[in-house]
Amino acid sequence: MYNNKILFISGKDIESMNLTNEEILNSVEQSLVAQGSSQTVIEPRVHLIPNPSVNGHFNILRGYIEPLNVAGVKIVGDYVDNYKKNLPSELALLNLYDPGTGMPLAILDATAITDMRTGALTAIGAKYLARKDSKILGHLGARGTSYWNVILLDSIFNFDEIRVNSRRPESREAFAKLLTEKLGKPVIAVDNSEDCLKGADIMVEATRLIEPEPFLLTRWVAPGTFVVPYGTISAVENDLTDVMDKIIVDDWGQCKGGKFGSLRYHVDSGKLSQETLYAELCQIVTGQKKGREAKDERILFWHRGLSLNDIALGYLIWQKAIDAKIGTELTYR
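Notes on the structure in this doc start here. Keep in mind the model is a prediction, meaning the values are calculated, not measured.

With respect to the overall build of the protein chain
Broken down by element type, the protein chain carries ten helices and 15 strands. In summary, the protein chain has a C-alpha radius of gyration of 19 Å against a globular reference of 20 Å for 333 residues, a match within 12%. Along the first, second and third principal axes, the C-alpha atoms of the protein chain reach 60 × 45 × 40 Å. The long-range fraction of contacts in the protein chain, counting pairs at least 24 apart against all pairs at least 6 apart in sequence, stands at 72%. For the protein chain, the accessible surface area stands at approximately 14600 Å², while carbon and sulfur atoms represent 51% of it.

A word on the sheet that holds strand β2 (residues 40–48)
Sheet architecture is open: seven strands sit in the order β2-β3-β4-β5-β6-β1-β15, paired in mixed fashion. Pairing within the sheet leaves two strands with one partner each, and these edge strands are β2 and β15 (328–331). Shown here is a sheet whose adjacent strand axes are inclined to one another by a mean of 20 degrees, direction ignored. As paired strands, strand β1 (residues 5–9) and β15 are joined by four bridges and run antiparallel to one another. Among the inter-strand pairings, L7 is bridged to a residue of β15, identified as E329. Where helix α3 (residues 111–129) meets the sheet, its contacts fall on β3 (56–65), β4 (70–79), β5 (90–97) and β6 (104–109), and the angle it forms with β5 comes to roughly 95 degrees.

Some thoughts on the packing of α3 against helix α10 (residues 307–324)
Direction vectors running N to C along α3 and α10 enclose 120 degrees, while the axes themselves pass 9 Å from each other. Considering their axes alone, α3 and α10 lie oblique with respect to each other. Considering the relative orientation of α3 and α10, their crossing is right-handed. Here α3 contributes I113, T114, M116, R117 and L121 to the contact with α10, which in turn contributes N309, D310, L313, G314 and I317. Class assignment for the residues of the contact of α3 with α10 results in five nonpolar, three polar and two charged.

Notes on the sheet that holds strand β12 (residues 246–249)
Strands sit in the order β9-β8-β7-β10-β11-β14-β12-β13 across an open sheet of eight strands; the sheet is parallel. Either end of the sheet is taken by a strand with one partner, and the two such strands are β9 (188–189) and β13 (279–280). As defined by bridge partners, β12 adjoins β13 across two bridges and the pair is classed as parallel. Bridge pairing in β13 places V249 opposite E280. Contacting β7 (136–140), β8 (161–165) and β9, helix α5 (residues 169–183) crosses the sheet at an angle of about 155 degrees to β8.

Thoughts on the layout of surface pockets
The probe, sized like a water molecule, is rolled over the atoms to show the empty space still left. Computed from the structure, the largest pocket encloses a volume of approximately 1300 Å³. Contributing to the lining of the largest pocket are 44 residues, with P88, S89, A142, R143 and G144 lying nearest its centre. Of all the secondary-structure elements, those providing two or more residues to the lining of the largest pocket are α1 (11–17), α3, α4 (144–157) and α5. Among the elements that make up the lining of the largest pocket, the one with the highest residue count is α5 (six residues). Split into classes, the residues belonging to the lining of the largest pocket amount to 20 nonpolar, twelve polar and twelve charged.

Topic: the pattern of salt bridges
Applying the stated criterion across every chain, the model contains 19 salt bridges. The partner of K127 in a salt bridge is E29, with the nearest N and O atoms 3.0 Å apart. Placement of K127 in helix α3 and of E29 in helix α2 (residues 21–36) is noted, with a sequence separation of 98 residues between them. With a relative accessible area of 33%, K127 lands in the partly exposed category. What you see here is one network of salt bridges that share partners, running through R131, D133, D201 and K295.

Regarding the nonpolar core
I9, I202, F226, L281 and I317 are the most contacted members of the largest nonpolar core, which totals 65 residues. The dominant element in this core, judged by the number of residues it contributes, is α3, at eight residues. Apart from the residues within four sequence positions on either side, L281 is in contact with L32, L121, I124, G125, L129, I248, V249 and F301. Counting residues in each nonpolar core, the second largest holds 30 residues, with L140, L216, V221 and L240 among its members.

Description of α10
Taking 1.5 Å per residue as the helical rise, α10 with its 18 residues ought to reach 26 Å, and the 25 Å between its terminal C-alpha atoms agrees with that figure. For α10, every residue scored as buried is listed here: S307, L308, N309, D310, I311, A312, L313, G314, I317, W318 and A321. At the C-terminal side of α10, K325 shows a positive phi close to 55 degrees.

A closer look at α4
The element α4 is largely enclosed, with a buried count of eleven among its 14 residues. Regarding α4, the residues found buried are T145, S146, Y147, W148, N149, V150, I151, L152, L153, D154 and F157. Of the residues flanking the end of α4, it is N158, one or two places downstream, whose phi is positive at about 50 degrees.

Here's the deal with the packing of aromatic side chains
Scanning the entire structure with this criterion turns up four aromatic pairs. An angle of 70 degrees between the planes, with centres 5.8 Å apart, marks the rings of F58 and Y79 as edge-to-face. Residue F58 is found in strand β3, and its partner Y79 is found in strand β4; the two are separated by 21 residues along the sequence. Looking at Y79, the relative accessible area reads 19%, which means it is buried. Look at F157 and F159: their rings are 5.6 Å apart centre to centre, the planes differ by 20 degrees, and that puts the pair in the stacked class. Seen from the ring of Y83, R168 lies directly overhead, with NZ or CZ sitting 3.8 Å from the centre.

Rules and cut-offs
- Residues numbered from 1 in each chain as written.
- Predicted model: local features only at pLDDT ≥ 70, side-chain atom pairs only at ≥ 80, totals over all residues.
- Heavy atoms only, no water.
- Helix = DSSP H or I, 4+ residues; strand = E, 2+ residues; numbered from the N terminus.
- Rg over C-alpha atoms; globule rule 2.2 N^0.38 Å.
- Contact = heavy atoms within 4.5 Å.
- Areas by Shrake-Rupley, 256 points an atom, 1.4 Å probe, with all protein chains shown as cover.
- Pairing = 2+ DSSP bridges.
- Axes fitted to C-alpha atoms, helices over the stretch in contact; angles between N-to-C directions.
- Parallel < 35°, antiparallel > 145°, perpendicular 65-115°, else oblique.
- Left-handed = near helix turned anticlockwise from the far one by under 90°.
- Nonpolar A, V, L, I, M, F, W, Y, C, P; charged D, E, K, R; others polar.
- 1 Å grid on protein atoms, 1.4 Å probe; cavity = no way out; pocket = protein on both sides within 12 Å on 5 of 7 lines; lining within 4 Å.
- Points joined across faces, edges and corners; volume = space filled by probe spheres on them.
- Salt bridge = Lys/Arg side-chain N within 4 Å of Asp/Glu carboxyl O.
- Buried < 20%, exposed > 50% of the residue type's maximum accessible area, 1.4 Å probe, protein only.
- Core = buried A, V, L, I, M, F, W, Y, C linked by side-chain atoms within 4.5 Å.
- Expected span 1.5 Å × (residues − 1).
- Phe/Tyr/Trp six-rings, centres within 6.5 Å; stacked < 30°, edge-to-face > 60°.
- Lys NZ or Arg CZ within 6 Å of the ring centre and 35° of its normal.

Structure follows, in structure tokens:
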């Protein structure tokens, strides 16, 4: 007999759990292990653009993780101008389902989940692909996911210097102040992308552009640099992939289609293809492919964001909510 209740887990419920960096990273890495072991189903994300006159759209992500025996669907709005209404640019809901019956199990506020799993994927990519002695982080963008990029990267590398930049001065200053307080060490807000990125061991591009504009220039990518561009609209130059020794993605099926993504031009023009792609991150996590093999390798990791990462983190939160008796029971039928 199946329970006819669904557990709704709010953003405040998730905040009260105080998830540790290790819990977040381990959960997302487990989803990569499942992906690399062919124990998942990933459906390509689809988009809904309700009104072209508004700077926003919806992403719909779907997947299944066999070891967790759970399927999930996340719908996330991506609205560039939400800051004008004091709203996050990305607002999301995640539904978890029993894959054997289709019975809904939980509905979660996935706004924080989106931020955490994105930061975890950036950090796990760096764990396997950046130089172990990386000490300078340059981060473009102050969107919601940016916080967890920096927090989780620093938990691995303990950077000597962290620089952040975004187009709006008030945004970058507030972001640097928040990170300084959280990390207990200075985070520098700089007013241009060159000062932010040039000389950094790890470069992250998480901008929110309306149209393509190069803020990460190829000539700044020195030997040994690890580069993570994942903005919705391209902020990189067209020759960026030409200088890379290895290009890794989270899922080629996600990256090769759709109209969005920082390397959209590179896929459409053939610069990034099945032939020029080195690996998916899950292949490196599971040992099927080697990660960084030399200190001077230039390595690029492009992630679109996987439903599997959302589902794994959502599953962890759902289980913790059940154990702690957190959340609101809803009658389904």
